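Here are the chains, one letter per residue:
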Amino acid sequence: AWTLIGTAVASASGTLDITGLSSTYDTYAIGLSDLVPATDNVAPYIRLGDSSGVDTGASDYSWCQVGMRNNSATVLGAVDAADSEIELTPVSGNIGNGAGDGLGALLYLHTPGDATGWPRLSGTTYGGDDSGPIGAFSTVGGERRAVIVVDRVQFLFSSGDVATGRMTVWGVSHA
């Protein structure tokens, strides 16, 4: 069963933040729906945090992705072993704010707080930019490079506000 933890709806928001995660669940699902940036051609990011706030240190996260654009058979990939966030798409700056643009994703947060492992995130994204009918699909994985008790998740773009869309978090029961 999935239990709703919270939903954040964008309206020219700098970030979308949801708190209330706890050790009740060993897995959380994060749904990103129709997220459109106010600034054109930006990268989408996820950050995690604990009771001290959202972690933004220069080497707090590591991540990797692989994906493809729908107008090319070229496989795209990106990786960063020491970053201040988890980047969600392998083409940095590929989410536009034109007609039909935006980002959708379903991500899973594993070992969020009562384990000995680092909090890890995995999932898929699909986003579009304004270079014509071009979208990009990607599979992403990342981690917070420390054992923390995650109680919050944050979505943001690399520049500007989140103009519209929503982020929803559910706790996923294993029983």
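Each value, and the rule that gives it
Residues numbered from 1 in each chain as written. Predicted model: local features only at pLDDT ≥ 70, side-chain atom pairs only at ≥ 80, totals over all residues. Heavy atoms only, no water. Patch = residues over 30% accessible without salt bridge, like charges linked within 9 Å, V, L, I, M, F, W, Y side chains within 5 Å. Areas by Shrake-Rupley, 256 points an atom, 1.4 Å probe, with all protein chains shown as cover. Salt bridge = Lys/Arg side-chain N within 4 Å of Asp/Glu carboxyl O. Helix = DSSP H or I, 4+ residues; strand = E, 2+ residues; numbered from the N terminus. Buried < 20%, exposed > 50% of the residue type's maximum accessible area, 1.4 Å probe, protein only. Contact = heavy atoms within 4.5 Å. Phe/Tyr/Trp six-rings, centres within 6.5 Å; stacked < 30°, edge-to-face > 60°. Lys, Arg positive; Asp, Glu negative; His and termini not counted.

Caption draft 1: Local environment of a nonpolar patch on the surface. The grouping of Val66, Met68 and Val75 at the surface amounts to a nonpolar patch, some 250 Å² of accessible area in total. Within the secondary structure, methionine 68 sits in strand S6 (residues 61–69). Exposure remark for methionine 68: the relative accessible area of 35% places this residue in the partly exposed category.

Caption draft 2: Seen up close, the side chain of serine 84. Position of serine 84 among the secondary structure elements: in the loop between strand S7 (75–83) and strand S8 (86–87). Residue serine 84 is classed as buried on the basis of its relative accessible area, which comes to 18%. Among all residues touching serine 84, those that are not within four sequence positions of it are Arg47, Asp55, Thr56, Gly57, Ala58 and Tyr61.

Caption draft 3: Looking closely at the packing of aromatic side chains. Scanning the entire structure with this criterion turns up four aromatic pairs. Summarising the aromatic geometry, the rings of tryptophan 2 and tyrosine 108 are spaced 6.5 Å apart at their centres and angled 85° between planes, so their arrangement reads as edge-to-face. Within this pair, whereas tryptophan 2 is found in strand S1 (residues 2–9), its partner tyrosine 108 is found in strand S9 (residues 102–110), the two being separated by 106 residues in sequence. Tryptophan 2 sits in the partly exposed class, given a relative accessible area of 43%.

Caption draft 4: Broad picture of the pattern of salt bridges. A full pass over the atoms with the stated rule returns five salt bridges. Notably, a salt bridge pairs glutamate 85 with arginine 47, separated by 3.4 Å at the nearest N-O pair. One end of the pair, glutamate 85, is in the loop between S7 and S8; the other, arginine 47, is in strand S4 (residues 44–50), and 38 residues separate them in sequence. Accessibility expressed as a relative area gives 6% for glutamate 85, which makes it buried. Here arginine 47 falls in the buried class, since its relative accessible area comes to 14%.

Caption draft 5: Seen up close, the side chain of aspartate 50. Here aspartate 50 is to be found in strand S4. The side chain of aspartate 50 is buried and forms no salt bridge, while arginine 152, the nearest opposite charge, is found at 6.1 Å. Not counting chain neighbours up to four residues away, the residues in contact with aspartate 50 comprise Ile148, Val149, Asp151 and Arg152.

Caption draft 6: Structural view of the environment of alanine 146. Residue position: alanine 146 is located in the loop between strand S11 (134–144) and strand S12 (152–157). Through-space distance from the C-alpha of alanine 146 to that of threonine 111 is 12 Å; in sequence the pair is 35 residues apart. Contact partners of alanine 146, with chain neighbours within four places excluded, come to Trp118 and Pro119.

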